[in-house]
Amino acid sequence: MKCPFCQHEDTQVLDTRVSEVGDAIRRRRRCTHCDKRFTTYERIELTMPVIVKKNGSRTEFDPAKLRASLMLALRKRPVSAEAVDAAIHQIEEKLLSTGAREVISAHVGELVMRELKRLDKIAYIRFASVYKSFEDVAEFQDAIAEVGRERKPPSN
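A brief look at the structure comes next. Computed from a predicted model, the values in this text were never measured in an experiment.

1. Considering unusual backbone geometry
Line of reasoning, step 1. A positive phi is found at Gln7, a non-glycine position, where the angle reads about 65°.
Line of reasoning, step 2. Its place among the elements puts Gln7 in the segment before β1 (11-18).
Line of reasoning, step 3. Its identity is not glycine, yet Asp35 carries a phi of approximately 65°, on the positive side.

See the structure below:
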């Protein structure tokens, strides 16, 4: 760690503590060259991957946009805010766990569809109709049949 006063490279850690909130480590340091003391903080830095759209443009991941998409699909459906928050958290965790710096928007769309299918089948069909650009009734029927097949318990 470089000393902020004399720019010397050699500093000594005098004290290490976890911050009051618990989200950082606070270190008291002393420069071995000029003998001045200073404090540094170590924090976790989680960077969401950049989203690559179909047209090739790139945009930062926006959890508010994700929430808006989910809420639009779930409009007037009996799904709690906690369930929506959990779905958003699940999607964010999956994106972070890829370790990728960039993710195609289609992957995010698939994650959203998976969560909606789990939360509410009607919301899933709503989202899929826009996401997959359904052009006729047959595509709706196929999506509904797919959801229906998953609901039926296996026959004995």
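2. Some points on the packing of aromatic side chains
Line of reasoning, step 1. Applying the stated rule across the entire model yields one aromatic pair.
Line of reasoning, step 2. Measuring from centroid to centroid gives 6.5 Å for Phe5 and Phe38, while their planes differ by 70°, and the two rings are edge-to-face. Taken together, the positions of Phe5 in the segment before β1 and Phe38 in strand β3 (residues 37-43) put the pair 33 residues apart, joining distant regions of the chain.
Line of reasoning, step 3. For Phe38, a relative accessible area of 8% puts it in the buried group.
Line of reasoning, step 4. Residue placement shows Lys36 over the ring face of Phe5; its charged tip is 5.3 Å from the ring centre.

3. Remarks on the sheet that holds β1
Line of reasoning, step 1. In spatial order, the strands read β1-β2-β3; together these three strands make up an open sheet with antiparallel pairing. For this open sheet the edge positions go to β1 and β3, each flanked by a neighbour on one side alone. Strand after strand, the sheet turns through a mean of 25° between neighbouring axes, direction not considered.

4. Focus on the pairing of β3
A regular strand carries its side chains on alternate faces of the sheet.
Line of reasoning, step 1. Of the strand pairs in this sheet, strand β2 (residues 24-31) and β3 are connected by seven bridges, and their pairing is antiparallel. Looking at β3, one finds that Ile25 is bridged to Glu42.

5. Quick notes on the sheet that holds strand β5 (residues 58-59)
Line of reasoning, step 1. Across the sheet, three strands lie side by side as β5-β4-β6; this open sheet has mixed pairing. Strands with a single pairing partner mark the edges of an open sheet, and in this sheet they are β5 and β6 (102-104).
Line of reasoning, step 2. Bridge analysis of strand β4 (residues 50-52) against β5 gives two bridges, and the strand direction is antiparallel. Considered in β5, the bridge of Ile51 is made with Thr59.
Line of reasoning, step 3. The strands touched by helix α3 (residues 105-119) within the sheet are β4 and β6, with β6 carrying the most contacts at an inclination of about 70°.

6. A closer look at the layout of surface pockets
Line of reasoning, step 1. Taken as a whole, the largest pocket holds about 630 Å³ of empty space.
Line of reasoning, step 2. Lys65, Ser69, Val108, Gly109 and Phe127 are, among the 21 residues lining the largest pocket, the residues nearest its centre.
Line of reasoning, step 3. Every element with two or more residues in the lining of the largest pocket is listed here: α1 (63-73), α3 and α4 (121-131).
Line of reasoning, step 4. Split by residue class, the lining of the largest pocket holds eleven nonpolar, four polar and six charged.
Line of reasoning, step 5. By volume, the second largest pocket amounts to about 150 Å³.
Line of reasoning, step 6. Along the walls of the second largest pocket sit Leu46, Thr47, Met48, Pro49, Val50, Leu96, Gly99, Ala100 and Arg101, which together make up its complete lining.
Line of reasoning, step 7. Class assignment of the residues belonging to the lining of the second largest pocket gives a composition of six nonpolar, two polar and one charged.

Parameters at a glance
- Residues numbered from 1 in each chain as written.
- Predicted model: local features only at pLDDT ≥ 70, side-chain atom pairs only at ≥ 80, totals over all residues.
- Heavy atoms only, no water.
- Helix = DSSP H or I, 4+ residues; strand = E, 2+ residues; numbered from the N terminus.
- Phe/Tyr/Trp six-rings, centres within 6.5 Å; stacked < 30°, edge-to-face > 60°.
- Buried < 20%, exposed > 50% of the residue type's maximum accessible area, 1.4 Å probe, protein only.
- Lys NZ or Arg CZ within 6 Å of the ring centre and 35° of its normal.
- Pairing = 2+ DSSP bridges.
- Axes fitted to C-alpha atoms, helices over the stretch in contact; angles between N-to-C directions.
- Contact = heavy atoms within 4.5 Å.
- 1 Å grid on protein atoms, 1.4 Å probe; cavity = no way out; pocket = protein on both sides within 12 Å on 5 of 7 lines; lining within 4 Å.
- Points joined across faces, edges and corners; volume = space filled by probe spheres on them.
- Nonpolar A, V, L, I, M, F, W, Y, C, P; charged D, E, K, R; others polar.

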